[in-house]
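Here are the chains, one letter per residue:
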Amino acid sequence: MELLFDDSYYMKKALQEAEMAYEKGEVPIGAIVVIHDRIIARAHNLTEQLNDVTAHAEMQAITAAANFLGGKYLQDCTMYITLEPCQMCAGALYWSQISKIVYAAGDPQRGYKAMGTKLHPKTKIIGGVLEKEASDLLKRFFIARRNLN
């Protein structure tokens, strides 16, 4: 099956979700889940709004995609995330058996690689797609946050 869109197209959609998080005062991380060129889940961080440390964009997207598919496994799905997953999200992605993860910016302090967390052995991983755009948004957020305090 020929794909209609490339990774940067879908990462732009995840960045739109990150912008929504930014506007709400949330750390600007967005995620979308795609199956066969169809977006089935969109999410962004909601940890402040929900007062829930587990309400990361990836966790929200996993739940929405599983609900859409009617099952807990995300096989044949790709998640596009604006920041490398943390170990909590990587663990959830492991158990979801997602087929592919594409992330924009790496997280050398708190990302799954820095923490030594493993993803499912069948999961393909691509990093660095629209990395500058995602990094710039995160930097802008934290600069604005520091200036408020």
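Residues numbered from 1 in each chain as written. Predicted model: local features only at pLDDT ≥ 70, side-chain atom pairs only at ≥ 80, totals over all residues. Heavy atoms only, no water.

Enquirer: Explanation requested: the layout of surface pockets in the structure shown.
Expert: Once rolled over the atoms, a probe with the size of a water molecule shows which space is left empty. Roughly 550 Å³ of internal volume is contained in the largest pocket. For the lining of the largest pocket, the elements supplying multiple residues, two or more each, are helix H2 (47-50) and helix H6 (131-148). Among the elements that make up the lining of the largest pocket, the one with the highest residue count is H6 (3 residues). The residue makeup of the lining of the largest pocket, split by class, is 9 nonpolar, 6 polar and 5 charged. (1 Å grid on protein atoms, 1.4 Å probe; cavity = no way out; pocket = protein on both sides within 12 Å on 5 of 7 lines; lining within 4 Å. Points joined across faces, edges and corners; volume = space filled by probe spheres on them. Helix = DSSP H or I, 4+ residues; strand = E, 2+ residues; numbered from the N terminus. Nonpolar A, V, L, I, M, F, W, Y, C, P; charged D, E, K, R; others polar.)

Enquirer: Would you explain the nonpolar core in this entry?
Expert: Taken as a class, soluble globular proteins show a tendency for nonpolar side chains to be buried jointly. Met11, Val33, Met79, Tyr80, Ile81 and Leu93 are the most contacted members of the largest nonpolar core, which has 37 residues in total. Residue assignment for this core shows that the elements contributing at least two residues are helix H1 (7-23), strand E1 (30-35), strand E2 (38-44), helix H3 (57-69), strand E3 (77-83), helix H4 (87-96), strand E4 (100-105) and H6. Residues within four places of Ile81 in sequence aside, it is in contact with Met11, Ile29, Gly30, Ala31, Glu58, Leu93, Ile101, Val102, Tyr103 and Ala104. (Core = buried A, V, L, I, M, F, W, Y, C linked by side-chain atoms within 4.5 Å. Buried < 20%, exposed > 50% of the residue type's maximum accessible area, 1.4 Å probe, protein only. Contact = heavy atoms within 4.5 Å.)

Don't take any of this as a statement about function, it's just geometry.
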